[in-house]
Amino acid sequence: MTQVTLTVNETQYTRDVEPRMLLSDFLRHELGLTGTHVGCEHGVCGACTILFDGESMRSCLIFAVQADGHSVTTVEGLAPDKDNLHPLQQSFWEAHGLQCGYCTPGILMTMIPFLRDNPNPTEDEIRHALSGNLCRCTGYQHIVDAVKLASEKMREK
Amino acid sequence: MDLLSQHAGEAKILAGGQSLVPAMNFRVVQPSLLIDLNRVAELSFIREEGNVIRVGAMARERHLEFDASIEKRIPLLHEAVPNIAHPQIRNRGTIGGSIVHADPAAELPMLMVALNARLKGKNKSAERWIDAKDFFEGMFTTALESDEILVEIEIPFMPPRTGWSFMEVAPRSGDYAMMGVAALVTLDKEGKCNSAKLVYLNAGDGPVDAAASTQMLAGGTLSEKSIESVAVHASENEINPFGNIHASTDFQRHLAKVLTQKALKQAAQRAGESQ
Ligand SMILES: Cc1cc2nc3c(=O)[nH]c(=O)nc-3n(C[C@H](O)[C@H](O)[C@H](O)COP(=O)(O)OP(=O)(O)OC[C@H]3O[C@@H](n4cnc5c(N)ncnc54)[C@H](O)[C@@H]3O)c2cc1C
Ligand code: FES
Ligand code: FES
């Protein structure tokens, strides 16, 4: 067992973990943050995407011990409080950007840094940015609409 | 370095983990010891020095993409890097990891050959430089010994009057490409072709340098006709694609021909503009 101390959604945690434990399993099983989904465990589907020091990465391709001293944000860290959604989440709600919701957390955590770096993206840029996330339900069109709506809402702020 | 020499053969270096961890998750690879380079801060630099850019093996693919001196000095690399996987993968994946992984379908190994890069290997007691053209020995196989790590990559600035092009066709944006080519054309002061280079990905068991084909261009002018005959020669005689679930070998050769024509044209045009 190895001790790790990391910050997740602005809360500091210290745990003893097996070196072989993936960060995705750590978030879900050790911290109970089951919003981070696991689809493929080989980097392809994007369901496990989180922010690692502010940038989107696959939590299934990082070991929990490697997160020692780092800061992680998961989908649970987006909403400002219990009663309000983050404008990106609100837009997915309003524009029907999800059906079963399996892919959604990974897509949201991909779009946060994307919209930070591209506050006014074109549809083409949005589709390109979505290419690392698989969705088996929506056909993507509503996701693109939701991201577009979010970019408008977030620019107004 | 001590750990690696004690456990040579059993231990694995962990860089970005974007190829190694998927293989471990599938239990295809089960190393007894992982040596994580992510905390070795000295390995993640990108800096100009004289006529070269030096890149530490742990520089992330994402850093290559946004580096201003790479954009200016080695525009071929700047233009090609966004074709590697997705942003989430490039945020973590490293130049060194991609090079040592030596996937024949990967972009960075063939770019290193196209750009005449040199790669620095290091073990407990010594260091050595290896030319990129000698580094890739076959599918997932390199000239590095099991007690060596790749520490640094040295890439020369692209010469003056040089045009470039990178083109690939992938099933979906971010996937490994079915075929890809990097083209470089250097003109002399009269506008004739001084030298040209074509290197392919997914066209054999490592980067494929179509040197015999590009030799046909030296000293001549790049015309529609000469470009076509080079594209035919390279796609029929110099590459050796294996085919995969997305593309038959015939289709890969067809893609190679079309991409070569487009890439040479773009490279020649850019070289002309920089005259
Ligand atoms: C979904 C997905 C799509 C992808 N698509 C593409 C693509 O289109 N094109 C592409 O080129 N790549 C693609 N990749 C691979 C990606 O670019 C990897 O990041 C890269 O190939 C490996 O780099 P890494 O730093 O993650 O290396 P790791 O996975 O950590 O290591 C790879 C191998 O290299 C060895 N190694 C790493 N660093 C060193 C070193 N300094 N010295 C000695 N040995 C070392 C490791 O031991 C291991 O065997 C994709 C990956 C995923 C998950
Ligand atoms: S579970 Fe990590 S990318 Fe699919
Ligand atoms: S909403 Fe079901 S996978 Fe995307």
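The structure presented is a predicted model; accordingly, all values stated were derived computationally and were not measured.

Looking now at the sheet that holds strand β5 (residues 118-122) of chain B. Residue and element names in this part refer to chain B. The antiparallel open sheet is built from five strands, whose spatial order is β3-β4-β9-β5-β6. Either end of the sheet is taken by a strand with one partner, and the two such strands are β3 (46-49) and β6 (127-131). Across the sheet, the mean angle separating the axes of adjacent strands is 25° when strand polarity is ignored. Of the strand pairs in this sheet, β5 and β6 are connected by five bridges, and their pairing is antiparallel.

Turning to the nonpolar core, a few remarks are in order. All names here are of chain B. Among the nonpolar cores identified, the biggest contains 42 residues, and Leu-76, Leu-77, Ile-99, Leu-108, Leu-111, Met-112 and Ile-153 are the most heavily contacted of them. Per-element tally for this core: the top contributor is helix α8 (residues 107-114), with six residues. Leu-76 has contacts with Leu-111, Ala-114, Leu-115, Met-158, Trp-164, Ser-165, Phe-166, Ala-182 and Leu-184, leaving out every residue within four places of it along the chain. By size, the runner-up hydrophobic cluster in this structure holds 27 residues, among which are Met-178, Val-181, Leu-255 and Leu-259.

On to the pairing of strand β10 (residues 162-169) of chain B, then. Residue and element names in this part refer to chain B. Burial analysis of β10 places seven of its eight residues in the buried class, the great majority of the element. Inspection of the sheet shows β10 paired to strand β11 (residues 179-187) by eight bridges, in the antiparallel sense. Paired with Trp-164 across the strands is Leu-184, a residue of β11.

What follows is about the pattern of salt bridges. Residue and element names in this part refer to chain B. Using the criterion set out here, one finds 23 salt bridges over all chains in the structure. A salt bridge links Glu-49 to Arg-54; its shortest N-O distance comes to 3.1 Å. The partly exposed category is assigned to Glu-49, whose relative accessible area is 38%. The class for Arg-54 is buried, based on a relative accessible area of 14%. Between Arg-118 and Glu-154 there is a salt bridge whose closest N-O contact spans 3.0 Å.

Let us look at the domain arrangement of chain A. Residue and element names in this part refer to chain A. On domain assignment, one finds that chain A holds domain 1 (2-77) and domain 2 (87-156). Facing the 18 residues of domain 1 at the interface are 14 residues of domain 2. Summing the contributions of domain 1 and of domain 2, the shared interface buries around 1,200 Å²; its carbon and sulfur component is 57%. Connecting domain 1 to domain 2 are one salt bridge. A salt bridge links Glu-55 to Arg-116, with the nearest nitrogen and oxygen atoms 3.0 Å apart. Scanning the region where domain 1 abuts domain 2 turns up seven residue pairs in polar contact (both at pLDDT 80 or more). Broken down by secondary-structure element, the contributors of at least two residues to the side of domain 1 that touches domain 2 are β3 (49-52) and β4 (55-58). Looking at the side of domain 1 that touches domain 2 residue by residue, the class counts come to seven nonpolar, nine polar and two charged.

Each value, and the rule that gives it
- Residues numbered from 1 in each chain as written.
- Chains lettered and ligands numbered in written order.
- Predicted model: local features only at pLDDT ≥ 70, side-chain atom pairs only at ≥ 80, totals over all residues.
- Heavy atoms only, no water.
- Pairing = 2+ DSSP bridges.
- Helix = DSSP H or I, 4+ residues; strand = E, 2+ residues; numbered from the N terminus.
- Axes fitted to C-alpha atoms, helices over the stretch in contact; angles between N-to-C directions.
- Core = buried A, V, L, I, M, F, W, Y, C linked by side-chain atoms within 4.5 Å.
- Buried < 20%, exposed > 50% of the residue type's maximum accessible area, 1.4 Å probe, protein only.
- Contact = heavy atoms within 4.5 Å.
- Salt bridge = Lys/Arg side-chain N within 4 Å of Asp/Glu carboxyl O.
- Domains from an automatic or database assignment.
- Buried area = accessible area lost by both parts, 1.4 Å probe.
- Polar contact = N/O pair within 3.5 Å; in protein donor to acceptor, adjacent residues only side chain to side chain.
- Nonpolar A, V, L, I, M, F, W, Y, C, P; charged D, E, K, R; others polar.

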